[in-house]
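Spelled out, the chains give:
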Amino acid sequence: MGLIYIVVVALLAFSIISAPMAAEASEDEKKDSDIITRDFSFRVGEGVRIGDYRVELTNVVSVMDGLVEVKVWKRASQFEDWRVMESRRDVNLDGGQDRGGLTLMVTEIFDRDTVRMRATYRSDYGYPEKYITERALVPASIPKLEVSTSADNPAVRSGDEVKVTIIVRNVGNDTARDVALQDMPPLPQFRYVAGYPPKIRNQLQQGESDTAIYSMVAVTEGEVTIPAMSARYADSKGTIYTESSSSVKVEIKPKRRPDIVMEVQPPAPIDHGGRGIINVSIRNEGDGSAYRVEVRGQLRSDGDGLRLEAGALDRSFFEIPPGGRESYSAAVIGARSGSYVLDLKASYQGDGEAMQKETAFEVAVLERKFEYLYYLPIVPVVIIGIWLYRRYREYKY
Amino acid sequence: MLNVLMLGIGQCGNRILDAVNRESFGGSSKLSKYYSRQKFPSRVETLAINTAVNDLKELQFTAAKDRFHVPNLHGVGANRSLGKQGFWDNREMIMEEIEKRGDFDIAFVMTSASGGTGSSFTPLIIHELKKRYNKITVVAVVVLPFREEGSIYLQNAAFSMRDIMEVDCDGIILVDNQYLKRLSGDIKTAYDRINDMVAERILFLIESLDSEMLSVTDLGDFKTVMRGGLRMGTLGFYESDKKTGSLTSAIDGSIKPGGLLYPADVYEDAARAMIIIQGSREYLDVDEITKAVEKLSTKIGQVFKGIVIKKGRPKVLSVFTLAQVPDLELLYAQAAQAIQDEKGRKTRAKKQLDDAFAYIEDLEEVY
């Protein structure tokens, strides 16, 4: 008991000695940590605990105007305040910092969902702690549009038609109002045929979608980016939203064109007075049909050294499809030795455009062969022999 | 244009015809027939007729189609009787061979008077020609034999000449081998020369009769000449050269004995004559020719003259018939003597044979 007494006395004595020192220290701390300032960021639907105060961001009213709506209330009290705060302006709540309340200031509005705020308050309220508000836990009734843009053929040829489909779907949980696709200037790479500019319904219910289709014809070549299509809409509160689709790339290849290739197989050198065959092959190596193909052959040289039957090289074909081939032959007669050039001209149409191809080839006529020339000296001998024999027979009795 | 038939009958006639054909080739070369053609002045058809095929084979310039062998005969051995029989047996065949050559204005029948075939065929062929061709002039070119050739030849010549005259031949051109053999030393060369001379003159005559003349003579004149006198005549020829002084001397040269085919004195013996002068115009003086012919006419009587303009020195052909043929009688006398001699030889031979056979008369062979 004595010991307990001693210990109590001792503790009492120590406390008497050390009490003024502790009071002096607590007073200093109260002076230094009485008011503190803390910055924090939070989103719509989130709240921050500062002591018993609760600061909840209910709405970003206007990013441009720097207005946000907050709800501040105090646990176990009647204090509750809804405020629309202006950016960069202090708002004293529940008496402000000097009276044990809060002083808040919106320092930055990041977007329609997130803001940064500065709170000044008594330090004993501790650090701000975030939490999810009950309002946030309940889904917000806002429309949400998804915009998609697609082309029916990402690789077309110049002159081909491209259909662009824009689908706007409301994936939100509220009706999208005043839905409008933003005007987009026409692309010079296309000639717009129908459905442009695209229009969709003015209002889209939850889960509803609308489609706008426009068609256009590629007129140039190259890779073209059809820009993203933006849809502007508003919710029931008149809040304006904008959603965009991704852009679409369309490759425009060159136009389909026929490409006529003429292959001529001239005859081997023709003997003097002999006959040769010219084989002509007309091939379409292009990717478009050649129409009204007219082939005309003409002997470039004058004279009658090479006789070509009139019109023998001339042919007409209504259509030669891509990869198609037409062949024919013509006969020539070499009347005199020499080298003769023949022109072959093909005119045709492809995709409304008149085209022409030419080629030339050479036909050689050999010199007259005198293979039996060595018989020539024999001829007079034979003639003389025959003559003499006839005379001999005439006078032989 | 004259249509001329030239027949060579028998060996001699064949050779003269061959010479004519050779002359028509324009050269004397043996090979001329191989490189040249016959060029006759008129349409001339030649035909060699013989009973001896070997004689026909010897011909060089006569075409085979112009040689006719009388079938089944191998010569007649100078026997005119056999020859005549051979002709009669093949008359149609022979005349058909002639007739298929067409129509003719004049025919020269060349033959030897002494051979077998020629002497026997010639009068008969002339007779047939006269009978079958209307108005044809037939002239016989008759070659008389060497007098010493033999008695048969002489008698053949005598009878043949008579027969020819009897068948109304328009004239006989005599060629006397006896007279002409002086031309060469050997007989063969003499024969060839004689044949050439006859050929040259006959062709000259044909050419002249068928040419446009400065002074005209024609076939009618020739026929008149040939039918004058004894209807026997001959041909004279002269070709002037630089040494020849004048046309008169050329004309004289053609009627001198040296230029004749039969020995005659034209001035004394000729009955009618035809003088044909051929040459370049500068050589032909018509007055001189006329005077020369007139001089001849005073001696002979009728002389036809023809002047043919042809490039070259003057050539003169004289054709004449004789009013008298002194050597003809001598020929016939020799022939008669030869016949008598032949007859005597035959009689003696027969008598010798009969005498020989008399030894075995009334005897039989014993074996």
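Residues numbered from 1 in each chain as written. Chains lettered and ligands numbered in written order. Predicted model: local features only at pLDDT ≥ 70, side-chain atom pairs only at ≥ 80, totals over all residues. Heavy atoms only, no water.

Residues and elements named next belong to chain B. All told, the structure shown has 49 salt bridges over all chains when counted by the stated rule. Linking Asp196 and Arg22 is a salt bridge whose minimum nitrogen-to-oxygen distance equals 2.3 Å. One end of the pair, Asp196, is in helix H9 (residues 187-209); the other, Arg22, is in helix H1 (residues 10-24), with 174 residues separating them in the sequence. The class for Asp196 is partly exposed, based on a relative accessible area of 25%. A relative accessible area of 22% means that Arg22 is categorised as partly exposed. Its salt-bridge partner being Glu99, residue Arg132 comes within 3.3 Å of it at the nearest N-O pair. Linking Arg132 in helix H6 (residues 116-132) with Glu99 in helix H5 (residues 91-99), this pair joins segments that are 33 residues apart in sequence. When its relative accessible area of 26% is taken as the criterion, Arg132 is described as partly exposed. The exposure class of Glu99 is partly exposed, given its relative accessible area of 33%. (Salt bridge = Lys/Arg side-chain N within 4 Å of Asp/Glu carboxyl O. Helix = DSSP H or I, 4+ residues; strand = E, 2+ residues; numbered from the N terminus. Buried < 20%, exposed > 50% of the residue type's maximum accessible area, 1.4 Å probe, protein only.)

Below, the discussion takes up the pairing of strand S26 (residues 338-350) of chain A. All names here are of chain A. In terms of strand pairing, strand S22 (residues 290-299) meets S26 through seven bridges, oriented antiparallel. Each bridged residue has a counterpart across the sheet, and for Leu299 the counterpart in S26 is Leu342. Bridge analysis of S26 against strand S27 (residues 353-365) gives 13 bridges, and the strand direction is antiparallel. Within S27, the residue paired with Leu344 across the bridge is Thr359. Where S26 hands over to S27, the hairpin turn is made up of two residues, of which Asp351 adopts a positive phi near 55°. (Pairing = 2+ DSSP bridges.)

Listed as interface residues are nine residues of chain A and, on the opposing side, 19 residues of chain B. Looking at the side of chain A facing chain B, the largest losses of area belong to A:Arg391, A:Tyr395 and A:Tyr397, adding up to 71% of the total buried there. Seen at the junction of chain A and chain B, the total is zero salt bridges. There are five residue pairs in polar contact (both at pLDDT 80 or more) connecting chain A and chain B. For the side of chain A that touches chain B, the class distribution of residues is five nonpolar, no polar and four charged. (Contact = heavy atoms within 4.5 Å. Buried area = accessible area lost by both parts, 1.4 Å probe. Polar contact = N/O pair within 3.5 Å; in protein donor to acceptor, adjacent residues only side chain to side chain. Nonpolar A, V, L, I, M, F, W, Y, C, P; charged D, E, K, R; others polar.)

On to the sheet that holds strand S25 (residues 325-334) of chain A, then. All names here are of chain A. As summarised here, the arrangement of the four strands in space is S20-S21-S25-S23, forming an open sheet in which the pairing is antiparallel. The strands lining the two open edges of the sheet, one partner per strand, are strand S20 (260-265) and strand S23 (306-308). Geometrically, the sheet is characterised by an average inter-axis angle of 30° between neighbouring strands, direction not taken into account. In terms of strand pairing, S20 meets strand S21 (residues 275-284) through six bridges, oriented antiparallel. Looking at S21, one finds that Ile260 is bridged to Asn284. (Axes fitted to C-alpha atoms, helices over the stretch in contact; angles between N-to-C directions.)

So, on to the confidence of the model for chain A. Residues shown with low pLDDT carry predicted positions that ought not to be read at fine detail. Scored by pLDDT, chain A comes out at a mean of 86, with 89% of its residues at no less than 70. Low confidence marks residues 16-32 of chain A, where pLDDT is under 50. Its contacts with residues over four positions away, or in another chain, come to one contact. (pLDDT = per-residue confidence, 0-100.)

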